[in-house]
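# Understanding the architecture of this molecule
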Protein chains: 2
Amino acid sequence: MLKYTKFQEVMQDIKNAKPIDLRIDNAQIADVFSGNFFSGSLCVHKGLIVGFSKTMQAEHVIDAKKAWLLPTFFDAHVHIESSMLSPEKFAKLVIPFGTGTVIADPHEIANVKGLDGIRFMLENAKDSLLDVKIMLPSCVPALPFECAGAALSALDLAELIQEENVLGLGEMMNVPGVLMQDEKVLEKLALAYKYNKIIDGHAPMVHGDDLDMYRFAGVTTDHECTTVEEAKERIRRGMYVLLREGSAAHDLVNLLPAVNSHTLQNCLFCTDDKQCTDIMQRGHINNSVRLAIEHGIEPIDAVRMATINTARAYGLTHKGAIAPGMEASFMLVDDIKQCNPHAVYIQGTLVAENGTYIAAVNKSYNAKLEQLTDSVQNSMHPELPKDLTLPVPTKKARVIRLLPHSLLTKCEIMDIGVDEEGNFDFAKNKGLLKLAVVERHKKTGKMGLGLLHSEYGLRNGAIATSISHDSHNIVAAGDNDNDILLALAHVEKMNGGIAMFSYGELLAELALPVAGLMSMQEPKTVITDLQKLYDTAKEHYHIWDKADAFMSLSFLALPVIPDLKLTPQGLFDVTTFQFTDIAVQE
Amino acid sequence: MLKYTKFQEVMQDIKNAKPIDLRIDNAQIADVFSGNFFSGSLCVHKGLIVGFSKTMQAEHVIDAKKAWLLPTFFDAHVHIESSMLSPEKFAKLVIPFGTGTVIADPHEIANVKGLDGIRFMLENAKDSLLDVKIMLPSCVPALPFECAGAALSALDLAELIQEENVLGLGEMMNVPGVLMQDEKVLEKLALAYKYNKIIDGHAPMVHGDDLDMYRFAGVTTDHECTTVEEAKERIRRGMYVLLREGSAAHDLVNLLPAVNSHTLQNCLFCTDDKQCTDIMQRGHINNSVRLAIEHGIEPIDAVRMATINTARAYGLTHKGAIAPGMEASFMLVDDIKQCNPHAVYIQGTLVAENGTYIAAVNKSYNAKLEQLTDSVQNSMHPELPKDLTLPVPTKKARVIRLLPHSLLTKCEIMDIGVDEEGNFDFAKNKGLLKLAVVERHKKTGKMGLGLLHSEYGLRNGAIATSISHDSHNIVAAGDNDNDILLALAHVEKMNGGIAMFSYGELLAELALPVAGLMSMQEPKTVITDLQKLYDTAKEHYHIWDKADAFMSLSFLALPVIPDLKLTPQGLFDVTTFQFTDIAVQE
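Before going into details, it helps to say that this report is about the structure given with it. (Residues numbered from 1 in each chain as written. Chains lettered and ligands numbered in written order. Predicted model: local features only at pLDDT ≥ 70, side-chain atom pairs only at ≥ 80, totals over all residues. Heavy atoms only, no water.)

For the bond running from A:His469 to A:Asp470, omega is -10 degrees, close enough to zero to count as cis. Positionally, A:Asp470 belongs in the loop between strand 22 (462-465) and strand 23 (474-478). The omega torsion of the bond from B:Pro562 to B:Asp563 falls at 0 degrees, within 30 degrees of zero and hence cis. Checked against the element boundaries, B:Asp563 lands in the loop between helix 16 (549-554) and strand 26 (564-567). In the Ramachandran plot, A:Met84 falls in the positive-phi region, its phi being about 70 degrees despite a non-glycine side chain. (Helix = DSSP H or I, 4+ residues; strand = E, 2+ residues; numbered from the N terminus.)

Next comes the structure, spelled out in structure tokens:
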């Protein structure tokens, strides 16, 4: 929080008629309180908005030439890790699109590195001009038996709950835990409640009495609505509904019918998970604003959902509006419908122009990286498995089949060709892929093997990635053991990342050394590498166009989404919530 | 704040399928989040709303018979002292009208008794079922040279700023102090800022750059708007506008054109100052709701202004809506347009029926009264002045003239008839009244004398009152010295209050022993006494129908409202901001 002396300094300068830092004339200023735009001037001094005087003397006077002047946008719920960029680099990517504040849930890094991971996000974000608020991950690990890198109890979270940029408890995915009053879950809710903090929700398909109880327990947001009815049910219960527009989930347009002049103030925008390539191509929250306007929302109302609504929902009193006393974080936009800012100011300083980040990097790296960049090499078993032999003596196996554009899978029972020893034989199962999930946190050497339906594609090679929700063990898929082993080894060598091998050669790679999830490289570099991976997946591997090559792999190890998943401990049947054999007994 | 264990208890009972306390069926429930009413059931357990189940087993099931079910109302800014009732008795008066929460600024008692007075309000309120939140008075005394009972610095306020029911700093009336950056004013603003508390405003006729700076300083509300333009200017700057409907100020209807679907969330209701008789006759915030509906505001929007808007503006997260997790404080109303509740529930308990308060008084008086009930007898000079001789040697005097229905006065220069010694002579100035203001806090024995224009009325006697803003010295007016002296003496005898004498006899009285401002008696008793005073003022004294008999007197000693005022130190010319003589020199 700013100190009051900061305000006093500004007031003193104005009382002494000192010229202020900046005056922007001739702008169409967004008044998010009155719900309109007005032609006027904006006065800025020492990073704060001081008012609308048209005559105040200023060091710099800019003619906005009737451009729209909007507060910088808020992402109300984001896992920065999904961008594959460190918070500081993520900032450089999203600020040019007009994002100034994000409410981030470092759920991914927390699964790998626990509190150290969260601290890294907090610290690394301070090296950026983006205001990164943190919700403490509430569900690490996702399930008690998961092979995750960390487990966070209420006592652990208590260490960070009072940190300046921590706003509360991240998405409470353990809905049954809330409803059945799991003691460890209630402890976390009580912790947030005690410090008067926000509790974020995650309640897909929770309705009626269950939703009442979930809300009663203290949850006040939900970003998992996919239908208008769900949104309405939540708003009625006093919850804020986050309209999500991310890489995989495109709920925003579907939910817009729930937005009207009454409900508007309870509706916010978020991305949840958005890869750097997607952000580069389509923008960030400005893309949400654009989509909303395109689908009939008044521009000022779209701006409100992207700004003041989130500021108010999360208790951020000096942000989200163009008004005296607010942080001078704003943008100028020529075409409100396209919402591509040609100038972005953070706390009074011009930091991006025409989509390019131009702020000088004048902060030093405070975040301790050492402990985070060895998350693969030093935490894996000293030897990677060398043998991917997969026995299917019954010649009938449970095969994971992806559904189009979905994280859901089906369990398909298939006849399998085996070699003389009863092991899976690639040559006798055309197109069928082998899957491996290798534990990488506790040196257990555990590895699960499975089979993936040929529909996925992937010919002549293998892919391995250290991004695999939520525990982020290493997952690999391929049509031959050699490439799979090479890809796994390469991911280890990079200390995390994505690797593609074909006929024994490295085709493409992306190093993600920060907890095996993020790069410290510039957005441009990461985007280039990632794009090359995508191109390779499509052109060389012929991966199914209804599956995201990496997203599909990254969710194959998450044992909470039905039906069949693969963990380092083996196949997991989510429908029965039990481990199961790959070989089907007759 | 409720403890989380409270929520856990409720959740446990529901998990164990224990019958809940109360279910209300067949109600038209106000959904202040979606902006509509819906037919349904409300489930209540242990004082909290648990949901909308129609089937949950309950100890008591009530058929609402399609009555409207609304959250109890909020008064966003009130000086409880103006009701002349203690907080606990005020609660009994307003709860039957559906008020459940008030944001109170104990500015009056603070001027008499400082921190002890504020503590009394906090403590005494706890003996009631009304939720009384306190804003710490920011301007005690009103002016540095005032003869007030206390002076409160930032250091003093720091003692209470973290108290549970303290929400921030009360109306910052010292606008010049803010704009000129008076150090003591900034200290108070900084105190509120430091603890992330609200700063209430008071900025009549402040516009443009001045308003920018006032808002910049941290002020986020204003209840002094009288024009739509003022309201709009404030909303644009991110301030909440409180539409006031009190005893003297009737701004609500005038301000309604500033309310639309966009600005609504920034508009709240308040009474500011409302006497017990007025509340009894016209209601409290339900009167504001009624007026708003009558003038075209949608019922649900009027309800929102009276509930959730205030809850959100003041950060009260478990109040102001009918939703799971909220306090079960609500009312049933048969006619939404009239908005007279036939049943009021506070935290799940029926406390008022058909306008009658029915809750058992089961709390003990915790508040220390001793120090407050001697505010007149023990703090006044041992002897009341016995001589009201008023010399006007020049035979030309400055006379205070009231303006109709206003707190403003005019200074009228009049020729005065005097006796042989050059003193004012009643017999030679038909209808002209003598005014006396007697210091009652510091035993100084100071008394100011002045003249009041005959237009006020008041024949054949005198009135004295210990309510006189803001310092609350004793003010008296009369057409003969004897009755003035008797009335003054009687107010002293009652330890504060209002007294009327005529021809040496007591006509009517109201004892206000709590700091000379409030009674500890039941509302009914106080209302009866006060009504008798009003009737006497009208029938016996023939007081001008364009002046409130007591309000006019009570503001004659406030040296911040133009033009001419009388203090214990003498006449004060507010236009020149200097003391002045009663006698005009040729």
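Okay, back to it.
The subject of this paragraph is the interface of chain A and chain B. The partner chain B presents 59 residues to the 59 residues of chain A that form the contact. When chain A packs against chain B, close to 5400 Å² is buried across both sides, 56% of that on carbon and sulfur atoms. Summed over the three residues of chain A that lose the most area to chain B, namely A:Tyr193, A:Phe216 and A:Arg236, the buried surface amounts to 17% of that side. Taken together, chain A and chain B are joined by two salt bridges. Residues A:Asp31 and B:Arg236 are paired through a salt bridge, measuring 2.9 Å at the closest nitrogen-oxygen approach. Contributing elements (two or more residues each) for the side of chain A that touches chain B: helix 1 (4-15), strand 2 (36-45), strand 3 (48-51), helix 6 (183-194), helix 7 (208-216), helix 8 (228-236) and helix 12 (299-306) of chain A. (Contact = heavy atoms within 4.5 Å. Buried area = accessible area lost by both parts, 1.4 Å probe. Salt bridge = Lys/Arg side-chain N within 4 Å of Asp/Glu carboxyl O.)

Moving on, we get to helix 6 (residues 183-194) of chain B. The end-to-end C-alpha distance of helix 6 of chain B is 16 Å, a good match for the 16 Å that twelve residues give at a rise of 1.5 Å each. Three or more residues of helix 6 of chain B are buried, namely B:Val185, B:Leu186, B:Lys188, B:Leu189, B:Leu191, B:Ala192 and B:Tyr193. Contacts made by the buried residues of helix 6 of chain B are with helix 1 of chain A together with helix 4 (154-158), strand 9 (166-172), helix 5 (175-179) and strand 10 (198-201) of chain B. The N-cap residue of helix 6 of chain B is B:Asp182: its side-chain oxygen and the backbone nitrogen of B:Lys184 are 2.8 Å apart. In the stretch just after helix 6 of chain B, B:Asn196 is the one whose phi turns positive, near 55 degrees. (Expected span 1.5 Å × (residues − 1). Buried < 20%, exposed > 50% of the residue type's maximum accessible area, 1.4 Å probe, protein only. Polar contact = N/O pair within 3.5 Å; in protein donor to acceptor, adjacent residues only side chain to side chain.)

Moving on to the sheet that holds strand 10 (residues 198-201) of chain A. Residues and elements named next belong to chain A. Strand order in the open sheet made by the five strands is 6-7-8-9-10, with parallel pairing throughout. The open sheet has two edge strands, strand 6 (73-78) and strand 10, and neither has a second partner. For this sheet, the mean angle separating the axes of adjacent strands, direction not counted, is 25 degrees. Of the strand pairs in this sheet, strand 9 (residues 166-172) and strand 10 are connected by three bridges, and their pairing is parallel. Paired with Gly168 across the two strands is Ile198, which belongs to strand 10. Running at roughly 105 degrees to strand 6, helix 11 (residues 285-294) makes contact with strand 6 and strand 7 (99-104) of the sheet. (Pairing = 2+ DSSP bridges. Axes fitted to C-alpha atoms, helices over the stretch in contact; angles between N-to-C directions.)

Residue and element names in this part refer to chain A. Note that Ser83 resides in the loop between strand 6 and helix 2 (87-94). Looking at Ser83, the relative accessible area reads 1%, which means it is buried. A polar side-chain atom of Ser83 sits 2.7 Å from the main-chain carbonyl oxygen of Ile80. The contact partners of Ser83, leaving out residues within four places of it in the chain, are Phe90, Lys274, Gln275, Cys276 and Ile279.

A few words on the relation of the copies chain A and chain B. Superposing chain A onto chain B requires a rotation of 180 degrees together with a translation of 0.0 Å along the rotation axis, leaving an RMSD of 0.1 Å. Within this description, the copies of the chain are treated as partners about a two-fold rotation axis. Distance from the rotation axis, computed per C-alpha, reaches its smallest value in chain A at A:Ser261: 3.0 Å. (Least-squares fit on C-alpha atoms with pLDDT ≥ 70 in both.)

With that settled, the discussion passes to the pattern of salt bridges. All names here are of chain A. The full count for this structure, using the stated rule, is 56 salt bridges over all chains. Note that Arg282 and Asp278 form a salt bridge whose closest N and O atoms lie 3.5 Å from each other. Note that Arg282 and Asp278 are positioned in helix 10 (residues 276-282) at a spacing of four residues, about one turn of the helix. For Arg282, a relative accessible area of 34% corresponds to the partly exposed category. Accessibility expressed as a relative area gives 13% for Asp278, which makes it buried. One network of salt bridges, in which partners are shared, links Glu88, Lys89, Lys92 and Glu522.

A word on the packing of helix 6 of chain A against helix 1 (residues 4-15) of chain B. Two elements in contact, helix 6 of chain A and helix 1 of chain B, have axes separated by 10 Å at closest approach and are oriented at 145 degrees. In this structure, helix 6 of chain A crosses over helix 1 of chain B, and the sense of that crossing is right-handed. Together, A:Leu186, A:Leu189, A:Ala190 and A:Tyr193 of helix 6 of chain A and B:Tyr4, B:Phe7, B:Gln8 and B:Met11 of helix 1 of chain B make up the contact between the two elements. Considering only residue class, the contact of helix 6 of chain A with helix 1 of chain B consists of seven nonpolar, one polar and no charged. (Left-handed = near helix turned anticlockwise from the far one by under 90°. Nonpolar A, V, L, I, M, F, W, Y, C, P; charged D, E, K, R; others polar.)

Turning our eyes to something else, we now look at the pairing of strand 26 of chain B. All names here are of chain B. Side-chain alternation along strand 26 places Leu564 and Leu566 on one buried face and Lys565 and Thr567 on a second face that is also buried. Pairing of strand 26 with strand 27 (residues 570-573) involves four bridges; the strand directions are antiparallel. Among the inter-strand pairings, Leu566 is bridged to a residue of strand 27, identified as Leu571.

Time to look at the packing of aromatic side chains. How two aromatic rings sit relative to each other is given by the distance of their centres and the angle of their planes. Within the structure shown, the criterion is met by 28 aromatic pairs over all chains. An angle of 65 degrees between the planes, with centres 5.5 Å apart, marks the rings of A:Phe145 and A:Phe579 as edge-to-face. On the criterion of sequence distance, the pair formed by A:Phe145 in the loop between strand 8 (131-136) and helix 4 (154-158) and A:Phe579 in strand 28 (residues 578-580) is long-range, its members being 434 residues apart. A relative accessible area of 27% means that A:Phe145 is categorised as partly exposed. With a relative accessible area of 37%, A:Phe579 lands in the partly exposed category. With 5.0 Å between their ring centres and 35 degrees between their planes, B:Phe145 and B:Phe572 make a pair best called tilted. Residue B:Phe145 is found in the loop between strand 8 (131-136) and helix 4, and its partner B:Phe572 is found in strand 27; the two are separated by 427 residues along the sequence. The exposure class of B:Phe572 is buried, given its relative accessible area of 1%. A connected cluster of aromatic rings, assembled from ring pairs, spans A:Tyr4, A:Phe7, B:Tyr193 and B:Phe216. (Phe/Tyr/Trp six-rings, centres within 6.5 Å; stacked < 30°, edge-to-face > 60°.)

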